[in-house]
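Fold and geometry: a report
Each chain, letter by letter, is given below.
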Amino acid sequence: EEIFGLQTTIHVIFEKTDQIGIVPVSLEKAVEIEDMKSKRSTQSQGEAKEVEAPIEVDRWDSSAVRNLLDDTARKVLVDDGVSEDYRNVDIRLGLACTGCAAAIFALIFDYFFPYPMSHSVLMTCVSSYPPRVTSLV
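Notes on the structure in this doc start here. (Residues numbered from 1 in each chain as written. Predicted model: local features only at pLDDT ≥ 70, side-chain atom pairs only at ≥ 80, totals over all residues. Heavy atoms only, no water.)

1. Quick word on the overall build of the protein
When its secondary structure is counted, the protein shows five helices and five strands. Taken from the N to the C terminus, the helices and strands of the protein come in the order β-β-β-β-α-β-α-α-α-α. Of all 137 residues assigned to the protein, the portion counted as buried reaches 18%. Counting only carbon and sulfur atoms, one obtains 61% of the accessible surface of the protein, whose full area is about 11,000 Å². (Helix = DSSP H or I, 4+ residues; strand = E, 2+ residues; numbered from the N terminus. Buried < 20%, exposed > 50% of the residue type's maximum accessible area, 1.4 Å probe, protein only. Areas by Shrake-Rupley, 256 points an atom, 1.4 Å probe, with all protein chains shown as cover.)

Below, the structure is given as structure tokens:
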């Protein structure tokens with residue numbers, strides 16, 4: 001569909017490469033790739049592989065394009081047997097929780113022991129904040 005000479009849909013098909021990982025290709029290039037794959041599979045297995053139809057998305061809807069790219073990349077990676085690793089996210093979540101716990105501890109300590117007595121505890125909690133924040137990045 002064209003409006004004022006601009007194509008309003010994007011055909012998203014991905015090609016797997018060893019050097020880059022996943023790169024978007026044009027529809028014509030994708031058709032050539034699928035034809036080559038089907039010829040190879042016909043020669044090796046004796047039967048042709050089913051080719052999925054290209055997915056169409058309104059290119060001006062940025063969230064739909066982003067979600068489609070994420071889903072397609074995830075599908076390609078899952079087909080290759082790659083699993084997601086959440087270790088870094090878990091570490092960052094733990095560091096954020098320790099920061100919240102330190103702030104809550106300082107708040108409660110300052111409530112029971114007003115400022116002049118709680119100065120060292122407040123300074124310890126406040127000074128431990130920058131190292132935690134820099135380690136989250």
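Here the narrative resumes, following the displayed structure.
2. Regarding helix α4 (residues 115-127)
One turn of the α-helix equals 3.6 residues, which is why residues spaced by three or four share an orientation. Residue V121 marks the point of greatest curvature in α4, where the axis turns by about 35 degrees. Taken residue by residue, α4 has S118, V121 and C125 as its buried positions. Considering only its buried residues, α4 is in contact with α3 (87-112) and α5 (129-136). (Bend = angle between axes of the 7 residues up to and from the residue. Contact = heavy atoms within 4.5 Å.)

3. What to know about the packing of aromatic side chains
A full pass over the atoms with the stated rule returns three aromatic pairs. On the basis of an interplanar angle of 35 degrees and a centroid distance of 5.9 Å, the ring pair of F105 and F109 is categorised as tilted. With F105 and F109 both in helix α3 and four residues apart, this pair spans about one turn of that helix. Judged by its relative accessible area of 47%, F105 is partly exposed. (Phe/Tyr/Trp six-rings, centres within 6.5 Å; stacked < 30°, edge-to-face > 60°.)

4. Here's the deal with the packing of α4 against α5
It is the contact of α4 with α5, at a shortest axis distance of 4 Å, that shows an interaxial angle of 15 degrees. Classified by the angle between their axes, α4 and α5 sit roughly parallel to one another. Here α4 contributes C125, V126 and S127 to the contact with α5, which in turn contributes Y129, P130, P131 and R132. In terms of residue class, the contact of α4 with α5 is made up of five nonpolar, one polar and one charged. (Axes fitted to C-alpha atoms, helices over the stretch in contact; angles between N-to-C directions. Parallel < 35°, antiparallel > 145°, perpendicular 65-115°, else oblique. Nonpolar A, V, L, I, M, F, W, Y, C, P; charged D, E, K, R; others polar.)

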